[in-house]
Amino acid sequence: MTKQLLSYFFLSTLLVVTFACEEDSPEGPALGDNIIVVNEGNFGQGNGSVTLLDRDMDTLSNNVFASANAPRELEASVQSVTVEGNEAFIICNTSDKIEIVDAETFVAIQAPLEDAGLISPRYMDVVGDKAYVSVWGNFDANYMLPESKVAVIDLNDYSIIKYIATEDGAEDVQAVDDKIFVANSYTNKLTVINTNTDEVEEVLTLEGSPQWLEVHENDLWVSVTGAAAQFVRINPDNNSVAATVDVAGSNSNGKFTINDNLNVIYFIGAEPWPATATSIYSLAIDEVSASPEEVISGEYFYAVGSDPLTNNLFVGNSNSFQGEGTVLEYDSEGTLLETYSVGVGPNNFVF
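Here the structure is a predicted model, which means the values were calculated and not measured.

Caption draft 1: Examining the pairing of strand β13 (residues 189–194) more closely. Counting buried residues in β13 gives five out of six residues, a clear majority hidden from the surface. As judged from the six bridges shared by strand β12 (residues 179–184) and β13, these two strands associate in the antiparallel manner. Across the sheet, the residue bridging to K179 is N194, located in β13. The hairpin turn running from β12 into β13, its antiparallel successor, is four residues long. Taken together, the six bridges between β13 and strand β14 (residues 199–205) define a ladder with antiparallel strand orientation. Looking at the pairing, L190 lines up with L204 of β14. Here β13 folds back onto β14 in antiparallel fashion, the turn holding four residues, of which D198 has a positive phi close to 55°.

Caption draft 2: Inspection of the nonpolar core at higher detail. Ranked by internal contacts, the top residues of the largest apolar core, which has 26 residues, are I180, W221, F231, F256, I265, F267 and L283. Only β7 (121–127), β9 (149–154), β11 (170–176), β12, β19 (252–259), β20 (264–270) and β21 (277–284) provide two or more residues apiece to this core. No other element matches the three residues that β11 contributes to this core. Membership of the second largest hydrophobic core comes to 18 residues, among which are L74, V83, I90 and V350.

Caption draft 3: Region of interest: the packing of aromatic side chains. Under the criterion given, the structure shown has twelve aromatic pairs. Both rings, one in F139 and one in Y186, keep their centres 6.4 Å apart while their planes meet at 55°; by these two values the pair is tilted. Taken together, the positions of F139 in the loop between β8 (130–135) and β9 and Y186 in the loop between β12 and β13 put the pair 47 residues apart, joining distant regions of the chain. Y186 shares its class with F139; the two are buried. Members of the aromatic cluster, joined through ring pairs, are F231, F256, F267 and Y281. Over the ring of W136 we find R122, and its NZ or CZ is 3.8 Å from the ring centre.

Caption draft 4: Structural detail: the confidence of the model for the protein. Of all residues in the protein, 90% have pLDDT values of 70 or greater, and the mean over the chain is 91. Per-residue pLDDT stays below 50 along residues 1–29; that stretch engages in 97 contacts with residues further than four places along the chain or on separate chains.

Caption draft 5: Just the pairing of strand β18 (residues 240–246), in detail. In terms of strand pairing, strand β17 (residues 230–235) meets β18 through six bridges, oriented antiparallel. Of the residues in β18, the one forming a bridge with V232 is T244.

Caption draft 6: How the structure looks around the pattern of salt bridges. Tallied over the entire structure, the rule returns eight salt bridges. We note a salt bridge from E99 to K97, for which the minimum N-O separation is 3.2 Å. Residue E99 is classed as buried on the basis of its relative accessible area, which comes to 0%. Overall, K97 belongs to the buried group, its relative accessible area being 9%. R122 is the salt-bridge partner of E171, the closest N and O atoms lying 3.1 Å from each other. Of this pair, E171 sits in strand β11 while R122 sits in strand β7, and the two are 49 residues apart along the sequence. For the residue pair E171 and R122, the accessibility class agrees, reading buried in each case. Within the structure, one salt-bridge network assembled from shared partners comprises R72, K97 and E99.

Caption draft 7: Spatial organisation of the sheet that holds strand β4 (residues 78–84). Pairing is antiparallel across the open sheet formed by three strands, whose spatial order is β4-β5-β6. Only two strands of the sheet have a single neighbouring strand rather than two, namely β4 and β6 (97–102). Shown here is a sheet whose adjacent strand axes are inclined to one another by a mean of 20°, direction ignored. Both β4 and strand β5 (residues 87–92) contribute to a ladder of six bridges, which runs antiparallel. Bridging across to β5, V81 finds its partner in I90.

Caption draft 8: Geometry of unusual backbone geometry. Along the chain, A70 connects to P71 via a cis peptide bond; the corresponding omega equals 5°. Positionally, P71 belongs in the loop between α2 (64–69) and β4. The omega angle of the peptide bond from W273 to P274 is 15°, so this bond is cis rather than trans. Of note in this structure, E75 is not a glycine but carries a positive phi near 50°. Note that E75 resides in the loop between α2 and β4. Despite not being glycine, D96 has its phi angle at roughly 55°, a positive value. Turning to its location among the elements, D96 is positioned in the loop between β5 and β6. Residue D96 is classed as partly exposed on the basis of its relative accessible area, which comes to 24%.

What counts, and at which threshold
- Residues numbered from 1 in each chain as written.
- Predicted model: local features only at pLDDT ≥ 70, side-chain atom pairs only at ≥ 80, totals over all residues.
- Heavy atoms only, no water.
- Buried < 20%, exposed > 50% of the residue type's maximum accessible area, 1.4 Å probe, protein only.
- Helix = DSSP H or I, 4+ residues; strand = E, 2+ residues; numbered from the N terminus.
- Pairing = 2+ DSSP bridges.
- Core = buried A, V, L, I, M, F, W, Y, C linked by side-chain atoms within 4.5 Å.
- Phe/Tyr/Trp six-rings, centres within 6.5 Å; stacked < 30°, edge-to-face > 60°.
- Lys NZ or Arg CZ within 6 Å of the ring centre and 35° of its normal.
- pLDDT = per-residue confidence, 0-100.
- Contact = heavy atoms within 4.5 Å.
- Salt bridge = Lys/Arg side-chain N within 4 Å of Asp/Glu carboxyl O.
- Axes fitted to C-alpha atoms, helices over the stretch in contact; angles between N-to-C directions.

Dropping the structure here:
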């Protein structure tokens, strides 16, 4: 119960238990015209799911894993989904497993990947034939995460070949060339892993807690919350801070997406807990002194993603985890285009 209450506290403040929107290329043959909606589910109830949304909006398929693998269901809280080639990796948090499925049909390729060290896996990225998965591990008596690490998976046989220790709260991960960057959300640290050696290369210190990571024109952008509300641009060649953008006035909670075509960051801002009001803000990526502009307002916004084909914005509304969630589609100026009913707690989009 303590762990559950702690998790909900961070959901409302730093939102450290959801994913910032990891976006895969729309050109992949397996994903095709589909957009994946990751539905987290209620904490501890095992009702997380995956929705497929056709880009032409002709079809909406909910609970696709259960449909493809009946009578087996996910029975999990779903943290994130990563698509690599013809495979999709469903990262299941509270059930401590990774489901590996065909990215087109969602039929399971094998039994779920489980391991004694794979406790509360979070997010994943791929370099070559290895996958890197952030893992929280168990809470200690002080409700910290000293067991945080990154699991290294050999994609040839889906085996875990190594664990790499990180600072507390290993959250979002992002590959840039031969490096993996890890946001340690319970600290002010950003861990850099060299994928040639699978060792920690450097640990960067930021002004606040890093949450989500995105790459734009070979720069790494990091959202920072807590002691500071910022977007930080990292030069991955030398792991140095190239620019810092202060967004304190928007009460940024760390979730963001980058529209590469428009050179714009879209991010979620929220009133302090227990208020429910949320907003989507835009920030010109090449204007480091610009102020964010509110483009969409509402309640319970829980995810934001930018479709690289249409530039439309997709916003996940958790509806306070009371029944089904909602996905709202807007144009880039904030005009509502469509509304879709999905699973519980839509927290992530894969394009």
